[in-house]
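Structural overview for review
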Amino acid sequence: MKIILQSAGVSAIMRKLFSQTTEKEVLQPMAKCQFCDKGLSFGIKVSHSHRRSNRTWKPNVKRVKAIVDGVEKADVLYITGEEGLNVIARDSYHAEVVDMLCNNLAVVDEPSSKGTGNEVDMEQILNWDPSIVFFAPGSIYSTVADNENWQTIPAIKDGRYYEVPFGPYNWMGFPPSVQRILGMQWMAKVLYPEAADYDMYEVTQTYFQLFYHCDLTIDQYNALVANSLPAVEAAG
């Protein structure tokens, strides 16, 4: 078993944890989320005073889905491209999380399977009239506040637009990856803050500890979500 774990590229920490687990514990069924397939995880918990302790994390089974099922879904557009004239269309390969969490207004005849999405024009975006707009990293988030065309959209004019966090990869998963676990919790926090009553910093810190063995500080977290959460949330 040890040889198999080494050949599979499992970290030394995980190999050690596995070797310390009894056969009974290995065979015991572990809860998994039916949406992200996340199971029982092991890692190190770091307190604000930098005290380290071993910890086991159980998956937040169905938490995000339960939040969505209990609210009225927001009307959303996910914008990509340097000109902001591409959308991640409903029922496309890259829209799975968006479609699950909100009413994706981007309905087109032939949804693109590419990460750049479907090309549209400004008139179509105006007609969709989203209540919230998400911009992909590298899109035009930083310039829409001063753009006359974009200011005609109420969501932009009223400041209800956000940039998808990036670090170390796009949190919405382009390409789709385990990063979506973090992305779906972030998006739920933005769209439904009263229902998503968890601490997003704690969620992000846990994720970085588990997947990157990185102790994310509050300053690093705030830098990651500087354009991605309402100001009151970004403070941690």
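Structure shown above.
Here we summarise the structure given alongside this text. (Residues numbered from 1 in each chain as written. Predicted model: local features only at pLDDT ≥ 70, side-chain atom pairs only at ≥ 80, totals over all residues. Heavy atoms only, no water.)

Let us look at the pattern of salt bridges. Pairing is possible between side chains of opposite charge, provided their charged atoms come close. Taken as a whole and judged by the stated rule, the model has two salt bridges. Measuring nitrogen to oxygen at the nearest pair gives 2.7 Å for the salt bridge that ties arginine 180 to glutamate 96. Linking arginine 180 in helix α8 (residues 180-191) with glutamate 96 in helix α5 (residues 96-101), this pair joins segments that are 84 residues apart in sequence. You can call arginine 180 buried: its relative accessible area is 11%. One salt bridge in this structure joins arginine 160 and aspartate 158, with 3.1 Å as the shortest N-O distance. (Salt bridge = Lys/Arg side-chain N within 4 Å of Asp/Glu carboxyl O. Helix = DSSP H or I, 4+ residues; strand = E, 2+ residues; numbered from the N terminus. Buried < 20%, exposed > 50% of the residue type's maximum accessible area, 1.4 Å probe, protein only.)

Let's shift gears to the environment of phenylalanine 166. Residue placement: phenylalanine 166 occurs in the loop between β8 (161-163) and α8. Expressed as a C-alpha distance, the spacing of phenylalanine 166 and glycine 138, which sit 28 residues apart in the sequence, is 9.5 Å.

Moving on, we get to the nonpolar core. When a protein is soluble and globular, its nonpolar side chains tend to lie buried together. Judged by nonpolar contacts, the single largest core of 41 residues is most densely connected at Leu101, Phe134, Trp186, Leu191 and Met200. Listing elements by their share of this core, those giving two or more residues are α4 (63-69), β3 (75-80), α5, β7 (132-135), α8, α9 (200-212) and α10 (218-224). The dominant element in this core, judged by the number of residues it contributes, is α8, at eight residues. Non-local contacts of tryptophan 186, meaning those with residues more than four positions away in its chain, are made with Phe134, Glu163, Val164, Pro165, Trp171, Met172, Met200, Ser228 and Leu229. Listed in part, the 19 residues of the second largest apolar core include Val120, Trp150, Ile153 and Ile156. (Core = buried A, V, L, I, M, F, W, Y, C linked by side-chain atoms within 4.5 Å. Contact = heavy atoms within 4.5 Å.)

On to the pairing of β3, then. Taken across its six residues, β3 has five buried, putting it largely inside the fold. Of the strand pairs in this sheet, β3 and β7 are connected by four bridges, and their pairing is parallel. What sits directly across from isoleucine 79, in β7, is phenylalanine 135. As defined by bridge partners, β3 adjoins strand β4 (residues 86-87) across two bridges and the pair is classed as antiparallel. Paired with threonine 80 across the strands is asparagine 86, a residue of β4. (Pairing = 2+ DSSP bridges.)

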